[in-house]
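Observations on chain architecture
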Amino acid sequence: GEADLNYFYRLKKYIKKKKLTKIFKFKKYINSRKDYYFFLNNFNIAIFLSNCENYPKTLIEIMNLKIPLICSNETPMKQITKNYSLLCDQKNVKSIEKKIIYCIRNYRKIHTYVSKKITYKNDESAMCKKTYNFLSSFVWEK
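Residues numbered from 1 in each chain as written. Predicted model: local features only at pLDDT ≥ 70, side-chain atom pairs only at ≥ 80, totals over all residues. Heavy atoms only, no water.

1. Brief notes about the packing of helix 5 (residues 93-105) against helix 6 (residues 107-115)
At their nearest, the axes of helix 5 and helix 6 sit 5 Å apart, and the two run at 85° to each other. Accordingly, the angle class assigned to the pair helix 5 and helix 6 is roughly perpendicular. On helix 6, the residues that touch Tyr102, Cys103, Ile104 and Arg105 of helix 5 are Tyr107, Lys109 and Ile110. Looking at side-chain class alone, the contact of helix 5 with helix 6 contains 5 nonpolar, no polar and 2 charged residues. (Axes fitted to C-alpha atoms, helices over the stretch in contact; angles between N-to-C directions. Helix = DSSP H or I, 4+ residues; strand = E, 2+ residues; numbered from the N terminus. Parallel < 35°, antiparallel > 145°, perpendicular 65-115°, else oblique. Contact = heavy atoms within 4.5 Å. Nonpolar A, V, L, I, M, F, W, Y, C, P; charged D, E, K, R; others polar.)

2. Section: the side chain of Ser95
Relative to the helices and strands, Ser95 is located in helix 5. The class for Ser95 is buried, based on a relative accessible area of 17%. The contacts of Ser95, once residues within four sequence positions are left out, are Cys88 and Asp89. (Buried < 20%, exposed > 50% of the residue type's maximum accessible area, 1.4 Å probe, protein only.)

3. Remarks on the pairing of strand 2 (residues 69-72)
For strand 1 (residues 46-48) and strand 2, the ladder comprises 3 bridges, and the chain directions are parallel. Bridging from a neighbouring strand, Ala46 pairs with Leu69 of strand 2. Between the parallel elements strand 1 and strand 2, the chain passes through helix 3 (residues 57-65) in a crossover that is right-handed. Both strand 2 and strand 3 (residues 86-88) contribute to a ladder of 3 bridges, which runs parallel. Of the residues in strand 3, the one forming a bridge with Ile70 is Leu86. (Pairing = 2+ DSSP bridges. Right-handed = clockwise from strand over helix to strand, strands pointing away.)

4. Here's the deal with helix 5
End to end, helix 5 covers 18 Å across 13 residues, agreeing with the expected 18 Å (1.5 Å per residue, within 8%). All buried positions along helix 5 are accounted for by Val93, Ser95, Ile96, Glu97, Ile100 and Cys103. Against the buried residues of helix 5 lie helix 1 (5-17), strand 1, strand 2, strand 3 and helix 6. (Expected span 1.5 Å × (residues − 1).)

5. Overview of the environment of Ile15
One can find Ile15 in helix 1. Given the relative accessible area of 5%, Ile15 is considered buried. Along the sequence, Ile15 and Asn92 sit 77 residues apart, while their C-alpha atoms lie 14 Å from each other. Excluding anything up to four places from it in sequence, Ile15 contacts Leu20, Thr21, Phe24 and Phe26.

6. Some thoughts on the pattern of salt bridges
The final tally for this structure, using the stated rule, is 3 salt bridges. Here Glu61 ties to Arg33 by a salt bridge, and the two come within 3.1 Å at their closest N and O atoms. Remark: Arg33 occurs in helix 2 (residues 33-40) and Glu61 occurs in helix 3; sequence separation between them is 28 residues. Taking relative accessible area as the criterion, Arg33 reaches 40% and is therefore assigned partly exposed. Of the charged contacts, one joins Glu97 and Lys94 as a salt bridge, the two residues approaching to 3.4 Å between their closest N and O atoms. In this pair, Glu97 and Lys94 both sit in helix 5, 3 residues apart, roughly one turn of the helix. Ionic contacts of the salt-bridge type, sharing partners, join the residues Arg33, Lys57 and Glu61 into one network. (Salt bridge = Lys/Arg side-chain N within 4 Å of Asp/Glu carboxyl O.)

This is the structure we're talking about:
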């Protein structure tokens, strides 16, 4: 999605300076669900640095992949991921750097931990049906 370009460019510059461009992938939009899942399934660590989300479905999908997640410490991300993710200040490059280094150095331990976590299963059809049933239960006045 959209990014705070000031911080995004600072982060990309920092990654380039540290010669890490081959291991970091930035994606703005992905056109198909197939490409989206292919993209997500090719990583060992996910980094989700958003400061405003309504329903961050991508977080739930990452958690269901059982890979380590570095996430912004904003609401609702920290409430959804609870103790699954490593939280950081998404506007502080040093905070992000510390979490990435920690995650790499402790990858095995973190991966073992998250692989045992029970995560929310996202069933869009069931969610739509529940929403429709809830809305249908109201008596609508003309």
